[in-house]
Amino acid sequence: MLTKKICILGLGYIGLPTAAMFATNGHQIIGVDINEEVVHELNEARILIKEPYLDKLVEAAVISGKLKASMQPEKADVFIIAVPTPIKPDKTADMRYVIEATKTIVPYLQEENIVILESTSPIGTVRDIMAPILAESGLVIGEQLLLAHSPERVLPGRILIELVENNRIIGGINYKSAVAVRDLYKSFVKGRIFLTDATTAEMCKLMENTYRDVNIALANELASICEEIGINAWEVIQLCNKHPRVNILNPGPGVGGHCIAVDPWFIVEKYPKEAKMIALARQINDAKPNYVAQKVDKILAPIKGKKKICILGAAYKANIDDVRESPIIELIKLLKTRNYDLSIVDPYIDKSSYETEDILSAAKQSDLILLGVNHEEFSKIEFKQVSKIMRHRIILDTRGFFDAEKMAELGFKYYLLGNGIYREA
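What counts and how
Residues numbered from 1 in each chain as written. Predicted model: local features only at pLDDT ≥ 70, side-chain atom pairs only at ≥ 80, totals over all residues. Heavy atoms only, no water. Helix = DSSP H or I, 4+ residues; strand = E, 2+ residues; numbered from the N terminus. Rg over C-alpha atoms; globule rule 2.2 N^0.38 Å. Buried < 20%, exposed > 50% of the residue type's maximum accessible area, 1.4 Å probe, protein only. Contact = heavy atoms within 4.5 Å. Areas by Shrake-Rupley, 256 points an atom, 1.4 Å probe, with all protein chains shown as cover. Pairing = 2+ DSSP bridges. Axes fitted to C-alpha atoms, helices over the stretch in contact; angles between N-to-C directions. Parallel < 35°, antiparallel > 145°, perpendicular 65-115°, else oblique. Left-handed = near helix turned anticlockwise from the far one by under 90°. Nonpolar A, V, L, I, M, F, W, Y, C, P; charged D, E, K, R; others polar. Right-handed = clockwise from strand over helix to strand, strands pointing away. Patch = residues over 30% accessible without salt bridge, like charges linked within 9 Å, V, L, I, M, F, W, Y side chains within 5 Å. Salt bridge = Lys/Arg side-chain N within 4 Å of Asp/Glu carboxyl O. Arc of directions from axis to C-beta. Phe/Tyr/Trp six-rings, centres within 6.5 Å; stacked < 30°, edge-to-face > 60°. Lys NZ or Arg CZ within 6 Å of the ring centre and 35° of its normal.

Novice: How would you explain the overall build of the protein if you had to name every residue and give the values?
Specialist: Per the secondary structure count, the protein includes 17 helices and 13 strands. For 425 residues, the compact-globule estimate of 2.2 N^0.38 gives 22 Å, and the C-alpha radius of gyration of the protein, at 24 Å, lies within 12% of that figure. Seen through its principal axes, the protein has C-alpha atoms that stretch 75 × 50 × 40 Å. The buried share of the protein, taken over its 425 residues, is 54%. Of the contacts made within the protein by residues no fewer than 6 positions apart, 71% connect residues no fewer than 24 positions apart. Working note: accessible area of the protein is about 19,600 Å², and carbon and sulfur atoms make up 51% of it.

Laid out in C-alpha cells, this is it:
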C-alpha cells in the first residue's frame, strides 16, 4: 500500500475518526477545522467529542506524528471534506460549509490529487456544486483531478468499529475516480466496497436514512392510533413482529441526529412533487415533540400551581453525547414555553451546555419524570429513593424503557407513549 498525505476538512463526529483511522494505518494526516479549540486540543492529543476508544486512537496517532491539526489546509495527495450539512429552518440544506471547504482547497490542488466528499449532501452536490468550483484550479476533473463521494455509514457509539467493518459505497465523478478512492479506503476498510457514480452514491446515502425515517413514522403513527383506541402499541408491535416478513420499529418522542432527521428533507427539497411519502414521514416525526408536550399537559392538568418536570436524557439517542436535531431538545423548548419548571439529567452531556443535574437534585419536588432517552445509566436509578422526594409520583416513558409493574409497585402512576392504558398503584 502506498501511503498518502491526506488533508481532512472538518474534525467532527466523522472527520476526526476518519483522520485517526487513516493515520493509524500509515497515512500522514493534516486535520483542518475552523474551531480553534478543536485544533488546539487535537494537537495536545485530546478530543472534545465522546466516542468509545477514539481518544486512545487519536492520542496514539498524534504521538506518532501521523496526525496533526491546523486551521488552514496544506498541499496533499488527498483532500477529504467532512464538514456539516445542516438543515435550515425552512427545511432546505445549508451547503455553505461544503462550498467554503471546496473553495478553500482550490489553491492547494495539484495534478493527480484526489478530492472526496464524505459529508451527506443533496443529490447533485458533487456534480453541480463541487466540480465547477474545483475546475477553477485549471485541472481537468476526472483526469488530472479525481473526484468522488464516499458517504459515511456509521452509528455513534460504534464509529470506529463500523468504519472498518461496514460495506462502503464509492461514487466517482467517473470510473477512474471511483477506483482511486476505493484503493485508498482499502487501507482500513474490511467490508465490501461497491463502485458507482457520485449522484447514485448521494441518493443511496439519503435513502438509507429515509428508509429508517419512514418506518419510524409508521411506528409513531401506530402509537398515536393505539392511544386513541385504548390499547398498547408496544404489544401490537411485538405480536406483529412474530410474522416472518414484518419488522415494525419502536415508536418514540421523535427522530434526531444529523442523518435520519435531516437527510430525507434533502430529497424533498429537490423533488417536492415526487417525494410525498418522504415529506409526510418527516412531518409525522417532526411533530412528535409537540405530541409529547400535549400529553404532558393532559397528565399534569389536575395538578394546581407551578409544576416541575424532571427530564431524563437530552441527547438524540441512547448512550451518546450528540444533541444534534434531538427531539428532546425541541421538547424542552416547547415545555419551557408552557411555563413548566424543568430539570434535566443526562450523564453524557456537558453540564455547562444544558444545566444538567444529578437525579436526586432534579427529581426533588418534581411532579413528573419524563424519560426522553433510554441511556443505560437510567436503568440504575433507585426509584424507591426517588419516589420519596417527588411531590407527585408520575412517570411518562417515551421509549418503553422502564418496567411498568415495578413502577406501579413503587407507587408511580406510569404512562407509556403509545399505550392507551396507564399503570398506577
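Novice: Report on the sheet that holds strand β5 (residues 113-117), specifying residues and quantitative values.
Specialist: Here 8 strands make up an open sheet; going across it, the order is β3-β2-β1-β4-β5-β6-β7-β8 and the pairing mixed. In the strand order of this sheet, the two ends are held by β3 (67-70) and β8 (193-197), each with one partner. Averaged over all adjacent pairs, the angle separating strand axes in this sheet is 25°, with direction ignored. Relative to strand β6 (residues 145-149), β5 runs parallel, the two being bridged by 5 bridges. Bridging from a neighbouring strand, Ile 114 pairs with Leu 146 of β6. Contacting β1 (5-9), β4 (78-81) and β5, helix α4 (residues 96-105) crosses the sheet at an angle of about 165° to β4. This element, helix α5 (residues 125-134), spans β4, β5 and β6 of the sheet and lies at about 155° to β6.

Novice: Explain the packing of helix α10 (residues 263-270) against helix α11 (residues 276-286) to me, using residue names and the numbers behind them.
Specialist: Helices that pack against each other are described as a pair by the angle of their axes relative to one another and the distance between those axes. Relative to each other, α10 and α11 sit at 135°, their axes nearing to 9 Å. The orientation of α10 with respect to α11, classified from their angle, is oblique. Seen along the crossing, α10 lies across α11 with a hand that is left-handed. Contacts between α10 and α11 involve Pro 264, Trp 265, Ile 267 and Val 268 on the former and, on the latter, Ile 278, Ala 279, Arg 282, Gln 283 and Asp 286. Its residues placed into classes, the contact of α10 with α11 shows 6 nonpolar, 1 polar and 2 charged.

Novice: Can you explain the side chain of Asn 232? Please cite residues and give values.
Specialist: By secondary structure assignment, the location of Asn 232 is in the loop between α8 (198-229) and α9 (233-240). With sequence-adjacent residues up to four places away left out, Asn 232 is seen in contact with Cys 226, Leu 416, Gly 418 and Asn 419.

Novice: With reference to specific residues and values, describe the pairing of β4.
Specialist: Burial along β4 is two-sided: the residues Val 78 and Ile 80 and Phe 79 and Ile 81 are all buried. Pairing between β1 and β4: 4 bridges, direction parallel. Residue pairing in the sheet places Cys 7 in a bridge with Phe 79 of β4. When β4 meets β5, the two strands line up parallel, connected through 4 bridges. Bridge pairing in β5 places Phe 79 opposite Val 115. The β-α-β motif built from β4, the intervening α4 and the parallel element β5 has right-handed crossover chirality.

Novice: Talk me through the environment of Ile 299; I want residue IDs and the actual numbers.
Specialist: Along the chain, the position of Ile 299 falls in helix α12 (residues 288-300). Residue classification places Ile 299 among the buried positions, given a relative accessible area of 9%. Taking the C-alpha atoms as reference points, Ile 299 and Tyr 415, 116 residues apart in sequence, are found 8.8 Å from one another.

Novice: Residues and numbers for a nonpolar patch on the surface, please.
Specialist: A cluster of nonpolar side chains, contributed by Ile 225, Ile 229 and Ile 231, occupies part of the molecular surface with about 260 Å² of accessible area. Take Ile 229: it is sitting in helix α8.

Novice: Residue-level account of α5, with values.
Specialist: Among all positions in α5, only Thr 125, Val 126, Met 130, Ala 131, Ile 133 and Leu 134 are buried. Buried residues of α5, viewed axially, fall in a sector of 160°; they line one side. Looking at the packing, one finds that the buried side of α5 touches β4, α4, β5, β6 and α8.

Novice: Can you explain the pattern of salt bridges? Please cite residues and give values.
Specialist: Enumeration over the complete set of coordinates arrives at 19 salt bridges. For Lys 295, the salt bridge is made with Glu 227, and the minimal N-O distance between the two is 3.3 Å. Of the two residues, Lys 295 sits in helix α12 while Glu 227 sits in helix α8, which places them 68 residues apart along the sequence. Of the two residues examined, Lys 295 and Glu 227, each falls in the buried class. Through salt bridges that share partners, Lys 91, Asp 213, Arg 282 and Asp 286 make up one connected network.

Novice: Explain the environment of Asp 322 to me, using residue names and the numbers behind them.
Specialist: Within the secondary structure, Asp 322 is located in the loop between β9 (308-312) and α13 (327-337). When the C-alpha atoms of Asp 322 and Ala 61 are compared, they prove to be 24 Å apart, with 261 residues separating the residues in sequence. Apart from residues lying up to four places away in sequence, Asp 322 is in contact with Tyr 13, Ala 315 and Tyr 316.

Novice: So, the side chain of Ser 70: which residues are in play, and what are the values?
Specialist: Position of Ser 70 among the secondary structure elements: in strand β3. Apart from the residues lying within four places of it in its own chain, the contact partners of Ser 70 are Ile 30, Gly 31, Val 32, Asp 33 and Val 39.

Novice: I'd love a proper account of the packing of aromatic side chains, names of residues and values included.
Specialist: Inspection of the entire model under this criterion finds 6 aromatic pairs. Here the aromatic rings of Phe 383 and Phe 402 are separated by 5.0 Å at their centres, their planes lie at 80°, and the arrangement is edge-to-face. With Phe 383 in helix α16 (residues 383-389) and Phe 402 in the loop between β12 (394-397) and α17 (404-409), this residue pair connects regions lying 19 residues apart in the sequence. In this structure Phe 383 comes out as buried when scored by relative accessible area, which is 6%. Given a relative accessible area of 10%, Phe 402 falls into the buried group. Three or more aromatic residues joined by ring pairs form one cluster here, namely Phe 383, Phe 401, Phe 402 and Phe 412. The cationic tip of Lys 288 hangs over the ring face of Tyr 291; the distance from NZ or CZ to the ring centre is 4.1 Å.

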